[in-house]
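Now for the letters of each chain:
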Amino acid sequence: MTLHDTAIVGLWVPVVVFAHIFAGFWFIKTYLLYDPRPLAAFRRRRSSSAAIKLAKSRISEGGQEQEEGTEDVVLTLDKRNSAASGFKGVCDPEAAGHVARVSSEVYDDAAHADKGTTKVEKVHLEWQQLCCTYNTAGGKIVVLHDVWGQAAPGEMQALLGPSGAGKSTLMDILAQRKSMGNLSGFLLVNGRPATSSFIRKTAYVPQDDNFVATMTTSETMSFYADIILPKTWSKADRRARVVEVLAAMGLKHKQRTMVGGTLPGGLMLRGLSGGERKRLSIAAGILAAPSIVYLDEPTSGLDSFAALTVMGYLKRMARDNGHVVIASIHQPRSAIWSMFDKVTLLASGRLMFHGVRDDLVPWFGHLGYAYDASQHGVASDWALDLVAIGFHKPKRFYGHTITNMEQLTRASNEFVASYTSLSGVVPFSGSSDSMIGSKSLGQKMQARMNKMVGVRSSFADSSSASSGFDPAEYSSRDLAIITAPGQVSTKKQGKWATGWWRQFASCYGRELLSITRNPADVAGRTMTFAWVAILMGLLYYGMGGDATSIRGRLNMTFNILSFFCLMPYISMSLYSADKKFYIADASAKLYRSHAYYAAKVVATTPFQIISALVFCFTVYGMAGLRPGARYILENGAISTLLSLIAVQVLHCCAILAPNQDVAFMLSIVWTAIQLLMSNFFITFTEVVFQWLTVLRWLSALYYAFEGLAVTEFGNMTYPCDQGLDQEGITFLRTLLPNSRFLNMPIVVNGLQNPGADCIADTNAVLQYYRFDRPFKHTFGILFGYLIVTHICTYVCMVIVARRERR
Ligand SMILES: Nc1ncnc2c1ncn2[C@@H]1O[C@H](COP(=O)(O)OP(=O)(O)OP(=O)(O)O)[C@@H](O)[C@H]1O
């Protein structure tokens, strides 16, 4: 046997070369994206050599003007470089202008009147008697109790309260993103019930954003624009809107900057600062010019200057454009506190105050709780301390304060009573008849607010008047009665701004950017597959074409398959990251779940197939498995299917499991079943507890092993004329020490020289394992298995997203 007897060099060499070019392409592309300096330096070098060439040619023509020509070329190219990198320089007046021109650029309604939706539709939101309870093992717990309030266009409202007060719960209900718990109460938009389509007029900016770290600011915004903006918008209009909103948030000069953050797998990618990320979140939120913007702790994680900047943007946005901005906030510094028009203060799920910011102190003063600016600092801090109970509050620090639930409940009841009864409005019963009267709801609300206890009626003067809020606009008949999840509205139409294909295309684009720009994904996986294949191929290189290679061939077919069961573990962090993305997007109701899932499968599958084939063909060619295009293709098809199944099962486990550790545990159970029930280590006929062998139906590896074995050994013979060597004879003698036959020269001679026409029929191998399923049946079973894993993954994804809703 010579080394190259069986190795299929024409297969493995091109595959290995392709794998390196393919992976190298993505590595270099990603590297240059992370660090564009080498590319810029290369361009500079090229431009200067072009300049030198030009200069030389002009010098050769004679004259002084060639020198100037040189400079022209260099300057032109340099300008292009700096434009491409998006960098404008710290002192660049144009960059500074982005911030200065915010209001004029964004809030010029007339400029966008033709597009319609960039004009913020001014709405008045009112919520009444909101309650939220949870049924827990310890009984029913009330997390929100009889909460009232309202917001007018142009207002910026703060949602304050100690930890666990119910701020997030309230905001989720107002934002129509609450689907857990038993809810009741009324949510009115311009005096009418909030419908499901109204969610499109609102934006929810979560505390933690959900951006793909490897996408640029502009790409991120384009993704949201494609999904959020109505289908009637052209691509150019969407692009213009993205630029406009980025400019509004002072991010226009960061369009080509990566968002940055931690990639799945732990690699840290530098990108936007914390404040810039927050502004990007807000920018994504206001793309579709929502009437109401909800922000969950927009200043958390920011230093005080960044926090002030972000809140400044929000304030300007609300004031100039007429958005309602409602933000939950912890301990705002005084400059931020003074930006809020109105405040809602919650404690232990109860409404302690809702009204104009400056009325907070007088209201509690009216209840006997005095505020001393010199002792208590910012009024918001004092109010938070005042309503926080459950810890010792020394009188010398806190003065007369609320110390127990009884006092808290009394103060809350007094506020709710003053808010409802004293303003002369009867709380709604849920019957639309009770609403019919001579006055419109808007007029009633206005009247009520003007009569608020201890209130200087600044509501009408400030926010309403300045924002153009006209109470006469509101004619109310119906109320949204929130009784249970999903009952806020029943209308299905209008839930999505864009169609299925647009959502699919946007998700597909994002997925492609996400996987190809993560060095641990496409490029890393292809290289890993190629190098493990080379290692395995070297071990089994050119196994030979006689009967002695049968054992090696059998082992090799199994090794290929067991590798595919194990390799997906390297990508577990990617699957877990996917889950996080989907859950966040699903809660924001960004797109249809099937559009996302289809996009994900279509984007990732080709790369998975490439990796699997790289591995399979490299090993196949190096080891020299059965030659022939048909066998190579059959082996490739079965190996790829098993690889896709393994990836999908691990993906499903990552979605199903609450964390990565549990995902590993679930995956290992599956992998163990694959290996143990493969029929390789122990054949099913040898198992004592036969009932256990039913687990084989779960083992995709078993089917794949059968498929590869049939491809490799079906109707195949190998010459065995060389017989057993001395080592083989010694092995048999050791194995059967009492055998008289093995000591007989005639037997030994027969084993060593079986004859020139000796052949080993490998159908015997298949019979030993009881493998006889034709290739197409095996292919069909594995394909069906793959479909089932996809269905399971999709269903788990939807269920988990529902379960993890708020
Ligand atoms: N699914 C749930 N089951 C039971 N209790 C819950 C559930 N979700 C929230 N709660 C409870 O509801 C209360 C209010 O929670 P919420 O998150 O609204 O408070 P918060 O004011 O936003 O708090 P923080 O400022 O700490 O975020 C908390 O006591 C919380 O434990």
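The structure presented is a predicted model; accordingly, all values stated were derived computationally and were not measured. (Residues numbered from 1 in each chain as written. Predicted model: local features only at pLDDT ≥ 70, side-chain atom pairs only at ≥ 80, totals over all residues. Heavy atoms only, no water.)

1. Here's the deal with empty space enclosed by the protein
Right, on to step 1. In total, this model carries 3 cavities of 30 Å³ or more according to the counting rule given.
Right, on to step 2. Reported here for the largest cavity is a volume of approximately 80 Å³.
Right, on to step 3. Considering the residues around the largest cavity, the lining is formed by Arg-525, Phe-529, Phe-564, Met-567, Pro-568, Ile-570, Ser-571, Tyr-575, Gln-608, Ser-611, Ser-643 and Val-647.
Right, on to step 4. Elements supplying a minimum of two residues to the lining of the largest cavity: α20 (522–539), α23 (593–623) and α24 (629–656).
Right, on to step 5. Residues belonging to the lining of the largest cavity are distributed by class as follows: 7 nonpolar, 4 polar and 1 charged. (1 Å grid on protein atoms, 1.4 Å probe; cavity = no way out; pocket = protein on both sides within 12 Å on 5 of 7 lines; lining within 4 Å. Points joined across faces, edges and corners; volume = space filled by probe spheres on them. Helix = DSSP H or I, 4+ residues; strand = E, 2+ residues; numbered from the N terminus. Nonpolar A, V, L, I, M, F, W, Y, C, P; charged D, E, K, R; others polar.)

2. Some points on the UniProt feature "transmembrane region" (unreviewed entry) in the protein chain
Right, on to step 1. In the UniProt entry, the feature "transmembrane region" (unreviewed entry) is given for residues 7–28, 522–542, 554–575, 595–620, 632–657, 663–682, 687–705 and 779–801.
Right, on to step 2. Strand forms 0% of residues 687–705 and helix 32%; the C-alpha atoms that close the span are 18 Å apart.
Right, on to step 3. Counted over residues 779–801, helix gives 100% and strand 0%. Its end C-alpha atoms are 33 Å apart. (UniProt positions renumbered as here; feature names shortened; annotations may be inferred.)

3. A closer look at the environment of Ala-663
Right, on to step 1. Within the element layout of this structure, Ala-663 appears in helix α25 (residues 660–676).
Right, on to step 2. Sequence-wise, Ala-663 and Ser-576 are 87 residues apart; in three dimensions their C-alpha atoms are separated by 8.6 Å.
Right, on to step 3. Not counting residues within four places of it along the chain, the set of residues in contact with Ala-663 comprises Met-572, Cys-653, Ala-654 and Ala-657. (Contact = heavy atoms within 4.5 Å.)

4. Quick word on the nonpolar core
Right, on to step 1. If you look at the biggest cluster of nonpolar residues, it comprises 117 residues, and the most contacted ones within it are Trp-127, Leu-345 and Phe-364.
Right, on to step 2. No other element matches helix α10 (residues 304–321), which puts 8 residues into this core.
Right, on to step 3. Two domains each put at least three residues into this core: domain 2 (125–473) and domain 3 (500–721 + 756–803).
Right, on to step 4. Counting 63 residues, the second largest nonpolar core, distinct from the first, contains Leu-11, Ala-530, Met-556 and Phe-680. (Core = buried A, V, L, I, M, F, W, Y, C linked by side-chain atoms within 4.5 Å. Buried < 20%, exposed > 50% of the residue type's maximum accessible area, 1.4 Å probe, protein only. Domains from an automatic or database assignment.)

5. Digging into the site of the ligand
Right, on to step 1. The ligand sits among 13 residues. The nearest are Ser-163, Gly-164, Lys-167, Ser-168 and Thr-169.
Right, on to step 2. Within the side chain of Ser-168, a nitrogen or oxygen atom sits 2.7 Å from an oxygen atom of the ligand.
Right, on to step 3. A distance of 3.3 Å separates an oxygen atom of the ligand from a polar side-chain atom of His-330.
Right, on to step 4. For the ligand, whose free accessible area comes to 640 Å², the fraction covered by protein is 62%.
Right, on to step 5. Breaking the shell around the ligand down by element, the ones donating at least two residues are β2 (139–151) and α6 (167–174).
Right, on to step 6. For the shell around the ligand, the leading source of residues is α6, giving 3 residues. (Near = heavy atom within 4 Å. Polar contact = N/O pair within 3.5 Å; in protein donor to acceptor, adjacent residues only side chain to side chain. Areas by Shrake-Rupley, 256 points an atom, 1.4 Å probe, with all protein chains shown as cover.)

6. Focus on the packing of aromatic side chains
Right, on to step 1. Scanning the entire structure with this criterion turns up 43 aromatic pairs.
Right, on to step 2. Each ring, one from Tyr-371 and one from Trp-382, has its centre 5.2 Å from the other, and the planes form 50°; the classification is tilted. On the criterion of sequence distance, the pair formed by Tyr-371 in the loop between α12 (360–366) and α13 (373–376) and Trp-382 in helix α14 (residues 379–387) is long-range, its members being 11 residues apart.
Right, on to step 3. Assessed through its relative accessible area of 26%, Tyr-371 is described here as partly exposed.
Right, on to step 4. What makes Trp-382 buried here is its relative accessible area of 3%.
Right, on to step 5. Among the aromatic residues, ring-to-ring pairing joins Phe-558, Phe-680, Phe-681, Phe-684, Tyr-702, Tyr-703, Phe-705, Tyr-768, Tyr-769 and Phe-771 into one connected group.
Right, on to step 6. Here the guanidinium or amino end of Arg-626 rests over the ring plane of Tyr-631, the centre of that ring lying 4.0 Å away.
Right, on to step 7. Directly above the aromatic system of Trp-697 lies the positively charged group of Arg-696, at a separation of 5.6 Å from the ring centroid. (Phe/Tyr/Trp six-rings, centres within 6.5 Å; stacked < 30°, edge-to-face > 60°. Lys NZ or Arg CZ within 6 Å of the ring centre and 35° of its normal.)

7. Considerations on the state of the cysteines
Right, on to step 1. Evaluation of the coordinates by the stated rule reveals 1 disulfide.
Right, on to step 2. Covalent S-S linkage joins Cys-720 and Cys-758, the inter-sulfur distance amounting to 1.9 Å. Taking the sign of the S-S torsion, about -90° here, the bridge from Cys-720 to Cys-758 comes out left-handed. Pair noted here: Cys-720 is in the loop between β13 (717–719) and α27 (726–735) and Cys-758 is in the loop between α28 (745–752) and β14 (759–761), with a separation of 38 residues, a long-range link. The burial state of Cys-720 is the same as that of Cys-758; both residues are buried.
Right, on to step 3. Between Cys-652, a cysteine without a disulfide, and Cys-796, which holds the nearest cysteine sulfur, the sulfur-to-sulfur distance is 3.8 Å. (Disulfide = S-S within 2.5 Å.)

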